[in-house]
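Breakdown of the fold
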Amino acid sequence: MTTLLDTLLNGLALGAVYALVALGFVVIFKASGVLNFAHGSLLLLGGYLVAVLHDDLGFAGALAVAVLATAAVAGALDRLLLQRGDPDPKAAHVQTIVTIGVDIVLVTDLARRIGGDLLTLGDPWGDAVTGLGPVTVADSRLAAIAVSTVVIAGVFALFRFTPWGLSLRAAAEDVEAAALMGVRLSRVRMLAWCLAGALAALAAVFLAAFPAPGLERTTGQIALKAFPAAILGGMASPPGALAGSLLIGLTEALVAGYQSELHVLGEGFGDVAPYAVMVVVLLVRPTGLFGAKGAVRV
């Protein structure tokens, strides 16, 4: 029972962090129709900035700068590169391919800077742990759950109660109608990219915190585990991204916690488990857990 509780808490913490990343995928897709494959490199950029700045600025100051800088880079990527090409949503597939090139450039430069080092982010939790009854949980995991809950609630409030959120929902529903009603689509999508970049930088802190050894050049690849979460919930559904992230996080934690019982599936099954879950769910619901079938007029 203790192992199960420990595994569930770890899965919940992982799912909460994955939700930050998956929301980034979803908000960009809703605003521009682009699958942002540069999301992992943005996450790595945010973590790297915290790592190199925390000695001078302290953890809070470095995190603030990293979040703002990563948001600015993401917004500039959309405004200066993607929108200058062809901002038409019908060209989203071309822009998706462009993000692959951007990812390669950013990851290559950041990997060169990081090298083979493990960078610490100076987070205040360190390797401290807290006992919750029979279960011992890393403070970083508890912080991940608490912070992610607050941030995700704030993001949903932005969607629901702000003019930008209304514009985003209108653009996602019908781009042409939103433009005719005066919605500035270029601004809506740029702010969506900025928000996604900020969420990625924040997620990097918890992905590199204890019990992880630190930030390394492959940390950005963890963002790819949040991609199945976004697909599971439906690429245009923020609630679906949250549900999918929790499902993926719990699946990964359960597979890792009971690896000995699942040895017949191979030692590396935990790495592919999120994608296996995605395939199984999509076989039953091709549009995702919260996806809706689109109506096509013929």
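The model shown is predicted, which means the values in this text are computed figures rather than measured ones. (Residues numbered from 1 in each chain as written. Predicted model: local features only at pLDDT ≥ 70, side-chain atom pairs only at ≥ 80, totals over all residues. Heavy atoms only, no water.)

**Brief notes about the pattern of salt bridges**
Opposite charge on two side chains permits pairing when their charged atoms draw close. With the rule as written, the count across this model stands at three salt bridges. Across the pair Arg 112 and Asp 109 runs a salt bridge, and its minimum N-O distance is 2.7 Å. With Arg 112 and Asp 109 both in helix H3 (residues 92–114) and three residues apart, this pair spans about one turn of that helix. According to the relative accessible area criterion, Asp 109 is partly exposed, its value standing at 28%. Arg 113 is paired through a salt bridge with Asp 109; the nearest N and O atoms lie 2.9 Å apart. Taken as a pair, Arg 113 and Asp 109 lie in helix H3 at a separation of four residues, close to a single helical turn. Classification of Arg 113 as partly exposed rests on a relative accessible area of 47%. (Salt bridge = Lys/Arg side-chain N within 4 Å of Asp/Glu carboxyl O. Helix = DSSP H or I, 4+ residues; strand = E, 2+ residues; numbered from the N terminus. Buried < 20%, exposed > 50% of the residue type's maximum accessible area, 1.4 Å probe, protein only.)

**A look at the nonpolar core**
If you look at the biggest cluster of nonpolar residues, it comprises 74 residues, and the most contacted ones within it are Val 27, Leu 43, Val 50, Trp 164 and Leu 215. When residues in this core are grouped by element, the largest group, 15 residues, is from helix H2 (residues 39–85). Dropping the residues within four chain positions of it, Val 50 is found in contact with Phe 59, Ala 62, Leu 63, Ala 66, Leu 121 and Val 205. (Core = buried A, V, L, I, M, F, W, Y, C linked by side-chain atoms within 4.5 Å. Contact = heavy atoms within 4.5 Å.)

**Digging into helix H8 (residues 223–233)**
Along H8, ten of the eleven residues are buried, which leaves the element largely enclosed by surrounding structure. Note on H8: the residue one or two positions beyond its end, Gly 234, has a positive phi of about 105°.

**Topic: the pairing of strand S2 (residues 135–138)**
Judged from the four bridges that link them, strand S1 (residues 129–132) and S2 form a sheet pairing that is antiparallel. In the strand pairing of S2, Leu 132 is matched with Val 135. Hairpin connection, S1 to S2: the antiparallel pair is bridged by two residues, and Gly 133 has positive phi, about 65°. (Pairing = 2+ DSSP bridges.)

**Brief notes about the packing of helix H1 (residues 2–32) against helix H5 (residues 163–173)**
Packing of H1 against H5 brings their axes to within 7 Å, and their N-to-C directions diverge by 65°. Between H1, through Val 27, Lys 30 and Ala 31, and H5, the contact on the second element is made entirely by Trp 164, Leu 168 and Ala 172. Classifying every residue of the contact of H1 with H5 by side-chain character gives five nonpolar, no polar and one charged. (Axes fitted to C-alpha atoms, helices over the stretch in contact; angles between N-to-C directions. Nonpolar A, V, L, I, M, F, W, Y, C, P; charged D, E, K, R; others polar.)

**As for the packing of aromatic side chains**
Tallied over the entire structure, the rule returns six aromatic pairs. When the centroid spacing of 5.8 Å and the interplanar angle of 75° are considered together, the rings of Phe 59 and Trp 125 count as edge-to-face. Of this pair, Phe 59 sits in helix H2 while Trp 125 sits in the loop between H3 and S1, placing them 66 residues apart in sequence. Exposure remark for Phe 59: the relative accessible area of 18% places this residue in the buried category. Grouped by ring-pair contacts, the aromatic residues Phe 25, Phe 37 and Phe 227 constitute a single cluster. (Phe/Tyr/Trp six-rings, centres within 6.5 Å; stacked < 30°, edge-to-face > 60°.)

**Brief notes about the environment of Ile 114**
If you trace the backbone, Ile 114 turns up in helix H3. In this structure Ile 114 comes out as buried when scored by relative accessible area, which is 1%. In sequence terms Ile 114 and Phe 59 are 55 residues apart; their C-alpha atoms lie 19 Å from each other. Ignoring any residue separated from it by four or fewer positions in sequence, one finds Ile 114 in contact with Leu 44, Tyr 48, Leu 119, Leu 215, Glu 216 and Arg 217.

**A closer look at the confidence of the model for the protein**
The predicted model of the protein has a mean per-residue pLDDT of 85, with 91% of residues at 70 or higher. Throughout residues 294–298 the model reports pLDDT below 50, and contacts reaching past four residues in sequence, or to other chains, amount to zero contacts. (pLDDT = per-residue confidence, 0-100.)

**Considering a nonpolar patch on the surface**
A cluster of nonpolar side chains, Leu 4, Leu 5, Leu 8 and Leu 254, forms an exposed patch at the surface whose accessible area comes to about 260 Å². In terms of residues, the nonpolar patch owes the most to one element, H1, which gives three residues. Residue placement: Leu 4 occurs in helix H1. (Patch = residues over 30% accessible without salt bridge, like charges linked within 9 Å, V, L, I, M, F, W, Y side chains within 5 Å. Areas by Shrake-Rupley, 256 points an atom, 1.4 Å probe, with all protein chains shown as cover.)

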